[in-house]
Amino acid sequence: MQASESINVLFLLLGAVMILAMHAGFAFLELGTVRKKNQVNALVKILTDFAVSALAYFFIGYTVAYGSGFWQGASTLGQHHGYELVKFFFLLTFAAAIPAIVSGGIAERARFHPQSAATFLIVGVVYPFFEGLAWNDRFGVQDALKTVFGQPFHDFAGSVVVHAVGGWIALAAVLLLGARRGRYNREGRVSAHPPSSIPFLALGAWILMVGWFGFNVMSAQRVEGISGLVAINSLMAMVGGTLSAMWLGRNDPGFIHNGPLAGLVAVCAGSDVMHPVGALAVGAIAGVLFVALFTQTQNRWKIDDVLGVWPLHGLCGAWGGVAAGLFGQPWLGGTGGVSLAAQLIGTAGGIAVGFGGGWLVYGVLKKLVGLRLSEEEEFNGADLSIHRITATPERETNW
């Protein structure tokens with residue numbers, strides 16, 4: 001028996017609220033990782049970017065992805081208990097994750113309003129273009145993959161559509177922005193910038209972990225599609241990512257709290273088709289991938305990706321797209337219905353759209369208005385330079 005429309009609305013609304021809460025996780029993860037003089041900016045960026053994302057997605061992005069907008073009367077929009085409106089809210093929380101991902105990569109030296117402009121363009125055009133390809137069969141791409149390989153590109157909850165696209169956009173932004181002042185010197189040495197607050201970093205990770213079960217499970221979008229397999233696979237991938245990051249990261253708390261996120265990023269795509277043991281393996285590999293590539297990018301390649309969002313989201317998301325095609329196969333305990341070739345092509349497409357679109361958006365903004373704070377503003381910190389207040393003011397006005 002199918003659930004009533006009203007129950008489906010409530011189901012999807014609860015998922016939207018859980019993912020909305022994840023944005024607090026993004027905020028506190030960034031706040032705990034950056035230096036104290038940039039904590040306020042971390043909080044403000046995430047909230048402001050969400051608001052800008054809502055406008056961009058409502059007026060442009062949702063139409064780009066799904067070919068429908070909200071220009072009818074309220075009585076029409078409210079039909080079926082307003083299910084389409086709640087679906088927009090749910091998908092908006094996914095779209096707004098893109099600038100939240102980027103924010104962590106460009107932290108501590110990016111100008112505020114150019115980032116808001118980039119958010120509008122990314123959520124209005126770049127992200128929904130690929131979202132439409134993957135989740136709405138736009139332009140016949142999925143049909144072509146199914147014809148050639150027997151199955152379309154499968155991404156149940158956004159390993160590639162959200163995380164890989166967001167991570168590769170962030171890489172483009174980080175490369176165009178350049179490293180933080182004093183991070184690397186001419187002799188090749190690296191100046192460590194340790195996290196300002198491990199407790200806040202951990203709080204952000206925990207909020208994200210809890211909200212992720214709404215991110216994955218509620219991607220069914222209707223109660224009749226809900227699956228305990230998705231929930232347990234998410235759990236097992238989270239555990240695998242935690243333990244492998246703890247092992248390879250030598251008990252470093254930053255790695256330990258990002259490890260479960262790496263596992264959850266990777267399992268999104270195939271969480272509905274994998275065996276729980278397969279999900280455990282996918283998460284464990286993602287944890288190793290994050291720790292190894294975070295260290296490589298920061299110390300060897302001198303890419304100053306502050307929160308490691310490219311390895312965490314870009315690479316682990318791409319791994320998740322491929323992993324769905326592997327661990328979704330019946331011979332590895334999966335349910336079947338996936339093609340490794342289609343997964344490879346779809347994942348490559350997400351990388352191309354993310355990096356190419358990110359390079360275009362941030363490249364144009366860099367030429368027109370500039371992306372970076374001045375040296376003095378960066379030295380003083382984004383909190384004082386942009387918001388005129390620190391997270392913990394040390395003096396009060398005396399009358």
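Report follows, based on the coordinates. (Residues numbered from 1 in each chain as written. Predicted model: local features only at pLDDT ≥ 70, side-chain atom pairs only at ≥ 80, totals over all residues. Heavy atoms only, no water.)

1. Section: empty space enclosed by the protein
Heads up, the condition is: Cavity: a set of points on a 1 Å grid over the protein atoms alone where a 1.4 Å probe fits but cannot get out. Pocket: an open set with protein on both sides within 12 Å along at least five of seven lines, its lining residues, like those of a cavity, having an atom within 4 Å of a point. Grid points are joined across faces, edges and corners, and a volume is the space filled by probe spheres set on the points. The secondary structure listing takes helices from DSSP runs of H or I that are at least 4 residues long and strands from runs of E that are at least 2 residues long, numbered from the N terminus. Under the convention adopted here, Pro, Cys and the residues Ala, Val, Leu, Ile, Met, Phe, Trp and Tyr are nonpolar, Asp, Glu, Lys and Arg are charged, and Gly plus all remaining residues are polar.
Tallied over the full model, the rule gives 2 cavities of 30 Å³ or more. By volume, the largest cavity is sized at about 100 Å³. What lines the largest cavity is F26, L29, A100, I101, G104, L208, W212, L261, L307, V309, L312 and H313. Of all elements in the fold, only α1 (5-33), α5 (97-105), α9 (198-217) and α13 (309-327) reach the threshold of two or more residues within the lining of the largest cavity. Of the residues contributing to the lining of the largest cavity, the split by class is 10 nonpolar, 2 polar and no charged. Looking at the second largest cavity, its volume works out to about 50 Å³. The class makeup of the residues in the lining of the second largest cavity is 6 nonpolar, 1 polar and 1 charged.

2. What to know about unusual backbone geometry
Convention followed: Under the scheme applied here, a residue whose accessible area is under 20% of the maximum for its type counts as buried, over 50% as exposed, and between as partly exposed, the area being computed with a 1.4 Å probe on protein chains only.
One non-glycine residue, D137, lies in positive phi territory at about 55°. Owing to a relative accessible area of 44%, D137 belongs among the partly exposed residues under this scheme. Notably, F139 is not glycine yet its phi reads approximately 65°, a positive angle. Mapped onto the elements of the fold, F139 is located in the loop between α6 (112-135) and α7 (141-149). Look at F139 and you get exposed, because its relative accessible area is 62%.

3. Considerations on the state of the cysteines
Cysteine pairs can be linked by a disulfide, which is a covalent bond between their two sulfur atoms. To keep things clear, this is the line we draw: Pairs of cysteine sulfur atoms within 2.5 Å are identified as disulfides in what follows.
Summed over the entire model, instances satisfying the criterion amount to 0 disulfides. C268 forms no disulfide, and the closest cysteine sulfur to it belongs to C316, at a distance of 11 Å. What makes C316 buried here is its relative accessible area of 0%.

From the geometry alone we can't say anything about function, so treat these as descriptive.
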